[in-house]
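Coordinate analysis (summary)
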Amino acid sequence: LVKACDMVLEMEIEAKDVIILNIDKVLASRDYESAVNDIKTQMDKKYGGPWHCVIGEGFGMDITHQARQMIHLHYQGVSCVCFKC
């Protein structure tokens, strides 16, 4: 479920796919660090860096990001914020 996003539709779909795929891979082990690294690497390759990613079960944040370069979603009890700055 996307909570906030200011990306163009194509980028939003790609980001959601990348995030969900990587969360699914680590959901049982809760190795979120591995998922974050993979998401960042894939977004850096596709859209140029630097991308930043935070995954967790409970956190709050206030960020400054480039326009049209941020997504915050909640999936399987885990929140993910991915943005470029």
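1. Focus: the sheet that holds strand β1 (residues 2-5)
On the basis of which strands lie adjacent, the open sheet formed by four strands has the order β1-β3-β4-β2 and antiparallel pairing. The open sheet has two edge strands, β1 and β2 (51-56), and neither has a second partner. The average undirected angle you get between the axes of adjacent strands in this sheet is 10°. Summarising the sheet, β2 and strand β4 (residues 78-84) pair through six bridges and their orientation is antiparallel. What sits directly across from Gly-56, in β4, is Ser-79. Most of the contacts of helix α1 (residues 9-26) go to strand β3 (residues 70-75), to which it runs at about 40°, and overall it touches β1, β2, β3 and β4. Helix α2 (residues 32-47) contacts β2 and β4 of the sheet and is inclined by roughly 155° relative to β2.

2. What about α1?
The end-to-end C-alpha distance of α1, which contains 18 residues, comes to 26 Å, matching closely the 26 Å that a straight helix rising 1.5 Å per residue would cover. Every buried residue of α1 is accounted for by Met-11, Glu-12, Ala-15, Val-18, Ile-19, Asn-22, Ile-23 and Val-26. Taken around the axis of α1, the buried residues stretch over an arc of 135°, which confines them to a single face. Residues of α1 that are exposed and point more than 90 degrees away from the buried face comprise Leu-9, Glu-10 and Lys-25. In this fold, the buried residues of α1 make contact with β1, α2, β2, β3 and β4.

About the criteria used
- Residues numbered from 1 in each chain as written.
- Predicted model: local features only at pLDDT ≥ 70, side-chain atom pairs only at ≥ 80, totals over all residues.
- Heavy atoms only, no water.
- Pairing = 2+ DSSP bridges.
- Helix = DSSP H or I, 4+ residues; strand = E, 2+ residues; numbered from the N terminus.
- Axes fitted to C-alpha atoms, helices over the stretch in contact; angles between N-to-C directions.
- Contact = heavy atoms within 4.5 Å.
- Expected span 1.5 Å × (residues − 1).
- Buried < 20%, exposed > 50% of the residue type's maximum accessible area, 1.4 Å probe, protein only.
- Arc of directions from axis to C-beta.

None of the figures reported here should be taken as evidence of function without further support.
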